[in-house]
Structure formats: C-alpha cells, structure tokens
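Chain by chain, the residues run as shown.
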Amino acid sequence: MDKAKIKQLSITANNIRKNALTAVHYAASGHPGGSLSIADLMSLLYFEVMNIDPKNPKNPDRDRFVLSKGHCAPALYGTLAERGYFPVDYVKTFRSASSFLQGHPDMKGVPGVDMSSGSLGQGISAACGMALAGKLDNKNYRVYTVLGDGECEEGQVWEAAMFAAHYKLDNLTAFVDFNGLQIDGDITKVMNPTPIDKKFEAFGWNVIVCDAHNFEELYNAINEAKTVKGKPTMVLMKSVKGKNVSFMENQASWHGTAPNAEQYAQAIAELDKINAELEGSC
Amino acid sequence: MAKKATRESYGEALAKFGANENILVLDADLSKSTKTDTFKKVYPERFINVGIAEGNMMTVAAGLATCGKTVFASSFAMFAAGRAFEQVRNSIGYTNLNVKIGATHAGISVGEDGASHQCLEDIGLMRTIPNMVIINPADDIETEQAVKAAIEHDGPVYMRFGRLAVETVNDPATYKFELGKGVTLKDGRDVTIIATGLMVPQAVEAGKILAEQGIDARVINIHTIKPIDQELIIKASKETGAIVTAEEHYIMGGLGSAVAEVVAQNAPCPMRIIGTDRFGKSGKPAELLKEYGLTAENIAEKAKEAMSMK
C-alpha cells in the first residue's frame, strides 16, 4: 500500500471520527470511545477493500459488513455518510425521533446497513449466516464483522466461532477491536476474555494480530484472510479507545459519554489539526 | 384415522414443500425429535445442523434470510422461544426477516421429560414481538397446510407443534387453512368454546358433552393466534354471550389472554380461561392433561360457569 493511499485513508478515517463525534454530540448520547478506535478499519474497508456501491446498497453480490459491536453505530453512520449513502450532515439527526439513524444499527431504515445489531454477540452469528449463504449460492462476496473485546465475554460469540470453523467459512473475516476497556473498566479486571487470539485459534480460526491504527498491517491481514482456505479469519487488532482525541484516548469513561460543546470543539480541532498535518505531508 | 403428532406432520410438510432451492432448514441437534430429519433425508444439502446452540441458530437464520433465504429454524419450544427469545426478538422480529421457527415439544404433553422441557410460555413470549405470526395447528391436515402458508408468508412465523400423537379433527377432503382465520367446527348459540392445538379435539368433545345436557355450544379452532381472528371472536361473543378458551399453555399470555383482549375491547362477555396454572412435571401425557384440567369434561364445566355469569 503506497504512502499516498495511506495518507488518504488516514484523512478519511479522521473525517469518520469527526462525523461520529458530531453524531454523538448532537444526540447528547452515544458511544464515542469505541467508535474512534475502529475508524481506521472502517475507512480501509469502505474506501479500499469492500466491493460496495452506495447507489446500489442491496446488490446481492456485494460484500457484507456487520457491526457486531452495534453501539459503535456513530462510526458506521459516519462511514456510510462519508461514502455517500446519505448526506454527511444527516449524522446530526442521530438518535432523534424523526431520524432513521437509530441508536443502534437498523437494517430496515439505514441505507447500507446489512444487519441490525446492538445486542452483543449476535452480529457475528448473523455474519456467519451471510457467509454460509454465500457458500451455498457459490457467490464470491466476502463478509466482514467487527466485535468488541468486551463483547467476547458473550457466550454467543463462541457458539458462532464454533459454527464458522465447522462450516469452513473462509469468506468470513472478523475483527476484534482490542482496546482493553469496557464500560466498567479494564477488560481483564471486569471479566477477562483473554487470550482472545489463542481462544479463536483453538476454535479453528486463522488468527492474525495487528495494530488497528496501522493501515499497512490491517490491509495485509485482510489480504491474507482472502488467501486462507477452509478457515475463517480473526484479526485481533490492538487499538486505542478514543483514538486521535487526546482527552478521550484510553479512557473507559468515554465509552458511552457525549462530549459537551467545549469538548466537541476541542476534539474537532484536534482532528482537523491531524488532517492538516497529513495534507501537508508528502 | 391413525393418530399422528404434529411434529411428524411438520417434518413431512417440510419435505413435501421444500423443493424450492431457497428453503433451508436449521436444527440444533434435535432433528430426530423435531422431525426435521424427514427434510434432511430428501434435501441433505439444504439441512444445516448448528449443534446445541439455539441462540446462534436464530441469528444465523436471520443472517441467511438477509441473503434471500427462507429459513426454518427448529428446536424444542422451550429453547426456540425461551432460551433464544432475545435473538428471536432482535434478529428476527425487529428485522422482520423471513425466518420460520418450527418449535416442537410445546406444552405439558411432552410428558416424562418434565417441567424443564414442557414449554408453557411460548405463545405469550412470541405474542409480545411485533411482526411475529403465531400458528398452533391442531392436527396433521392443519399442520401440512400451515407449513405451506408459512412458506408463502413473507416475514417471521412461529409454529408450535406437539410431541404427542393426536387425532385428526379436520376433514382432509374439504379443509382449507387460511392464515389468521379461525375455523368454526360446530355452530351453537349458548356458549362458545375457543381452543387451539391439542385442545381442539377436547373442545369438540366438550361440545358433545354439553349437547347431551341441552346446551348448544359453538366450537372454534383458533390455529393462528397472531394475528387473531377478531371478527370471528367478536361475533361469537355477541351471538353466544359467553366464552371459554382452552390451550396447552400457561393461563397468562396465551390464547385466553389474546381472546380476552379482543372481547374486553370490542364485545365484553363473561369468560373462563383453561390452561396450566403452574409448572408442569413428569408423567404420562394423558395423566398430566387430566391432572392439569386440560380435558373435555373441564371445558364443559367451565363453559357452564361462564354461561352462569351472563
């Protein structure tokens, strides 16, 4: 992946972060921390990797995406808006009664949302169903899903993990956003789900560990997954919760708290500054 | 005619109407009991065993349905509606996806396995989910046609089947299943008996008991509990002035509640609700049905109570 591409994807990721924060700020509720940690992945998937068309969101041959950690809807909506599924300004209606942007993803209302989610542990199962349908129909599409690390405490995740390996769903790539924090604090102190990589390996998955904020590593992991036959791939991506907003980074308290006007202005200023530096770089 | 369990009829109907390539059948390691193995024998490539993981099964079914599949997901009612309730609610109901839940071993007639496996809550649970259609067929004829109707219906359907072999009450030559429409098995003007599933033949028998006592009872089979046939119930209330309901389900949340909601809001009349009032237990199905009052005699008794309150 060349530098110009990485630069562009980085800028897009920060725009997604801005959209997500705008959504949460205007709604005065929502989940910024985990939205910021997956923004780089969302940029890479929707602007480089996935075979999708905002003008034809129901194309049966498209790649699918399921946000298993559905509370990070601001990142998904911010991405879909940036990609042209609906106007960017519409993210300001997030969580309001007149908007189709529900607090958690709703496939019936939001163009580009392939599966409703929000109840943790279910998204990965739905992604398994989509991947199995692709196999049965001899389609070439791929299915991507993103789980939270805390979400791996849900038993259903492991039912799905067993299922995906059993049915050799090598068209499925799952990511775990490994930021180490859940609502009540450090994941290893609340209810330790680690070692997540070893567990998925034991369940029969191909596992890749990488940096969630390094496009090259993420891109290589996604491409490796495409070459692995007979096994689903888990990409355990080490991330920073609240990434790129100084006062939100690594703070569990920003899991589900909306920034006030001052905090929002500062966050946007920080992201604009990072993007300006990126624009200025060669 | 020989007795047959509605779960047997379910498996046969899946095999009979399952030729469409888009139909998939999922089961959670109970295919020999739910009888989805009858489908599996004919279409093994479209049968998916998910193992003992009902929650995952429901959401996998939803994922398959987003890709245009018509998916049947089967387990015992206890696990399909009970354990996997939230998956059914969020992944299938909220999304209005084309998933048909084939829940067998409903009710106390499960018998020897006891209370842990006797689901008496499923109708109540499924009724609270918007978009969900609920069908509780009474016999072989009705089950076959109900499965066909479920395939033709675009959206989620919960189908409730029993373990116990039951007699056929409907005439195979003339019976026509209509989703959402009740079936009047006997006309009458003094009282109406409304039954579902395995209680339908008991209701017919109760009608005969009452006739011997000079009471002209109307007998209605409600196979579709949601959406319920409001018109038929309102008419029965107005014309007979008293209603008794009978179901193999807890007395709260099931057919009785559904009928009472219609009656109380449209045409109030005295009612009696027959169902179970406590957890089940192990025993022979016939013994249990008697002990819990799920008999023709009790229906006739309660019908007279309802009449006395007119």
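Just above sits the structure.
Residues numbered from 1 in each chain as written. Chains lettered and ligands numbered in written order. Predicted model: local features only at pLDDT ≥ 70, side-chain atom pairs only at ≥ 80, totals over all residues. Heavy atoms only, no water.

Overview of the overall build of chain A
Within chain A one finds 10 helices and 7 strands. With the C-alpha coordinates aligned to their principal axes, the bounding extent of chain A is approximately 50 × 45 × 45 Å. Counting every position in chain A, which comprises 282 residues, the buried fraction comes to 58%. For chain A, the share of sequence-separated contacts (at least 6 apart) that also reach a separation of at least 24 residues comes to 76%. Here chain A displays about 10,600 Å² of accessible surface, and carbon together with sulfur accounts for 50% of that area. Distance from the positive charge centre (28 side chains) to the negative charge centre (32 side chains) of chain A: 4 Å. (Helix = DSSP H or I, 4+ residues; strand = E, 2+ residues; numbered from the N terminus. Buried < 20%, exposed > 50% of the residue type's maximum accessible area, 1.4 Å probe, protein only. Contact = heavy atoms within 4.5 Å. Areas by Shrake-Rupley, 256 points an atom, 1.4 Å probe, with all protein chains shown as cover. Lys, Arg positive; Asp, Glu negative; His and termini not counted. Charge placed at Lys NZ, Arg CZ, Asp CG, Glu CD.)

Side note on the overall build of chain B
Tallying secondary structure elements over chain B gives 13 helices and 14 strands in all. What you see for chain B is a C-alpha radius of gyration of 18 Å, in line with the 19 Å of a compact globule of 310 residues. The principal-axis extent of the C-alpha atoms belonging to chain B is close to 55 × 40 × 40 Å. Within chain B, contacts between residues at least 6 apart in sequence are counted, and of these 79% link residues at least 24 apart. For chain B, the computed accessible surface area is about 11,400 Å², with 50% contributed by carbon and sulfur atoms. Taking the average place of the 34 positive charges on the side chains of chain B and the average place of its 39 negative ones, the gap between the two points comes to 1 Å. (Rg over C-alpha atoms; globule rule 2.2 N^0.38 Å.)

Some points on the interface of chain B and chain A
Interface size, as often reported, equals the accessible area lost upon joining of the parts. With 25 residues of chain B at the contact, the number on the chain A side is 25 residues. The largest share of the area that chain B buries against chain A comes from N56, C67 and Y94 of chain B, three residues that together contribute 27% of it. In this structure, the connection of chain B to chain A is made through 1 salt bridge. A salt bridge links K69 of chain B to D137 of chain A; its shortest N-O distance comes to 2.6 Å. Where chain B meets chain A, there are 11 residue pairs in polar contact (both at pLDDT 80 or more). Those elements that provide at least two residues to the side of chain B that touches chain A are strand 3 (47–49), helix 4 (54–66) and helix 6 (85–93) of chain B. The leading source of residues in the side of chain B that touches chain A is helix 4 of chain B, at 9 residues. Its residues placed into classes, the side of chain B that touches chain A shows 10 nonpolar, 11 polar and 4 charged. (Buried area = accessible area lost by both parts, 1.4 Å probe. Salt bridge = Lys/Arg side-chain N within 4 Å of Asp/Glu carboxyl O. Polar contact = N/O pair within 3.5 Å; in protein donor to acceptor, adjacent residues only side chain to side chain. Nonpolar A, V, L, I, M, F, W, Y, C, P; charged D, E, K, R; others polar.)

A closer look at the pairing of strand 2 (residues 143–148) of chain A
All names here are of chain A. Burial analysis of strand 2 places 6 of its 6 residues in the buried class, which makes it a mostly covered element. Two strands pair when backbone bridges link them, and strand 1 (residues 64–67) and strand 2 are joined in this way by 4 bridges, in the parallel orientation. In the strand pairing of strand 2, R64 is matched with V143. As judged from the 6 bridges shared by strand 2 and strand 3 (residues 172–178), these two strands associate in the parallel manner. Residue pairing across strands places V146 opposite F175, the latter belonging to strand 3. With helix 6 (residues 155–166) bridging strand 2 and the parallel strand 3, this β-α-β connection has right-handed handedness. (Pairing = 2+ DSSP bridges. Right-handed = clockwise from strand over helix to strand, strands pointing away.)

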